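# Summary of structural features
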Amino acid sequence: MSDVLELVDVSVVREGRALLDKVSWSIAEGERWVILGPNGAGKTTLLNVASSYLFPTSGTVQILGEKLGGVDVFELRPRIGMASSALADKLSRRQTVLSTVLTAAYGMTAGWQESYEAVDEQRARAFLDRLGMNDLLDRRFGTLSEGERKRTQIARALMTDPELLLLDEPAAGLDLGGREDLVRRLGRLARDPYAPSMVMVTHHVEEIAPGFTHVLLIRGGRVLAAGPVEDTLTSAQLSRCFGLPLVVERQGDRWTARGLPLT
Ligand SMILES: Nc1ncnc2c1ncn2[C@@H]1O[C@H](COP(=O)(O)OP(=O)(O)OP(=O)(O)O)[C@@H](O)[C@H]1O
């Protein structure tokens, strides 16, 4: 299987501090990865490298078979779908949900006068339908709830038919129902053999949807562990990652974690 992403000894140094410290990580085609780690661990920095928006200070990065530094990133970026709150902040609040997704086909964050192909509109509608946004196509993006906004962003990220889908904390700010709804939808996507390779950043094991195959644990810019979920997501590893004693349990195809009581 060909590598979708390969990082070798990647460091990102800012103001004399390593935000990523010699990170080596590879994703094979079809894998669905979760990146878990505490606040400030370097998760978003890692995702920014994987999306070609951040060049490392040292090390090599290969994305979808192209070496970062030796490829035109403007050709590479449409092959990568990304959903993050930083990107959402750039979207027009006045644009409708349908236009918000449709403009992604043209690599834009706002709609101008371009005329869209009927086929693009059909695709946008299909992705929004898959994410349960059918009744909100004409709503302005800025009036959506947090959950609706997240689902619109994921539909938008899928619009370019990416080979790699990167999701930065897609469940952040959602209530219990919203989270569970999103987990179900992500689970469906993760299990779809035609869906792109996926990476999801999260703080919570409860947000790992069934169908996610691998996990990377990061702390202080360093990879603590990376591998298949069943082998990697252990109480010992998670405790090391978050810096306190935690018990992680698998219940069916979902995960939970809790801290041990103080003695
Ligand atoms: N441009 C920058 N210059 C200096 N430090 C930075 C810069 N960007 C990020 N950092 C720092 O790098 C560290 C890692 O940031 P990053 O956003 O990757 O963490 P994260 O794991 O995504 O955190 P969170 O879970 O809180 O979103 C943080 O301590 C952050 O303050």
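The rules behind the values
- Residues numbered from 1 in each chain as written.
- Predicted model: local features only at pLDDT ≥ 70, side-chain atom pairs only at ≥ 80, totals over all residues.
- Buried ≥ 20, exposed ≤ 12 C-beta atoms within 10 Å, placed from the backbone.
- Helix = DSSP H or I, 4+ residues; strand = E, 2+ residues; numbered from the N terminus.
- Pairing = 2+ DSSP bridges.
- Near = placed C-beta within 6 Å.
- Nonpolar A, V, L, I, M, F, W, Y, C, P; charged D, E, K, R; others polar.
- Axes fitted to C-alpha atoms, helices over the stretch in contact; angles between N-to-C directions.
- Parallel < 35°, antiparallel > 145°, perpendicular 65-115°, else oblique.
- Left-handed = near helix turned anticlockwise from the far one by under 90°.
- Contact = placed C-beta atoms within 7 Å.

## Details of the pairing of strand 9 (residues 214–219)
Counting buried positions along strand 9 yields five of six residues, so the element is predominantly enclosed. Pairing geometry for strand 3 (residues 32–36) and strand 9, over four bridges, is parallel. Among the inter-strand pairings, I35 is bridged to a residue of strand 9, identified as L216. Once strand 9 ends, the chain turns through two residues before running back antiparallel as strand 10 (residues 222–228), passing G220 with a positive phi of about 55°.

## Section: the site of the ligand
Residues in close proximity to the ligand include R14, E15, L19, G37, N39, G40, A41, G42, K43, T44 and T45, which together make up its full environment. Ranked by residue count, the leading element in the shell around the ligand is helix 1 (residues 43–50), at three residues. The class makeup of the residues in the shell around the ligand is two nonpolar, six polar and three charged.

## Observations regarding the packing of helix 6 (residues 146–158) against helix 7 (residues 176–191)
Geometrically, a packed helix pair is captured by the angle between its two axes and the distance between the axes. Helix 7 packs onto helix 6 with a crossing angle of 15° between their chain directions and a minimal axis gap of 10 Å. When the axes of helix 6 and helix 7 are compared, the pair comes out roughly parallel. Here helix 6 runs over helix 7; the crossing is right-handed. Where helix 6 approaches helix 7, its residues G147, K150 and R151 are matched on the opposing element by G178, D181 and L182. A breakdown of the residues in the contact of helix 6 with helix 7 according to their chemical character gives one nonpolar, two polar and three charged.

## Thoughts on unusual backbone geometry
Located in the positive-phi region is E15, a residue other than glycine, with phi close to 50°. You can see E15 is positioned in the loop between strand 1 (3–14) and strand 2 (17–28). The backbone of S52 shows a phi angle near 75°, a positive value even though the residue is not glycine. By the element assignment, S52 lies in the loop between helix 1 and strand 4 (58–63).

## Description of the sheet that holds strand 9
Across the sheet, which stays open at both edges, the six strands sit in the order 6-7-8-3-9-10 with mixed pairing between neighbours. The strands lining the two open edges of the sheet, one partner per strand, are strand 6 (80–83) and strand 10. Taken pair by pair, the neighbouring strands of this sheet meet at an average axis angle of 15°, ignoring direction. Note: strand 7 (residues 164–168) against strand 8 (residues 197–202), five bridges, orientation parallel. In the sheet register, L164 faces strand 8, and the bridge partner there is S197. Those strands touched by helix 1 are strand 3, strand 7, strand 8 and strand 9, and its axis lies near 155° from that of strand 8.

## Points about the environment of D231
Structurally, the position occupied by D231 is in helix 8 (residues 229–232). For the pair D231 and S51, spaced 180 residues apart in sequence, the C-alpha to C-alpha distance is 27 Å.

Functional significance is not addressed by these values, which are geometric in nature.
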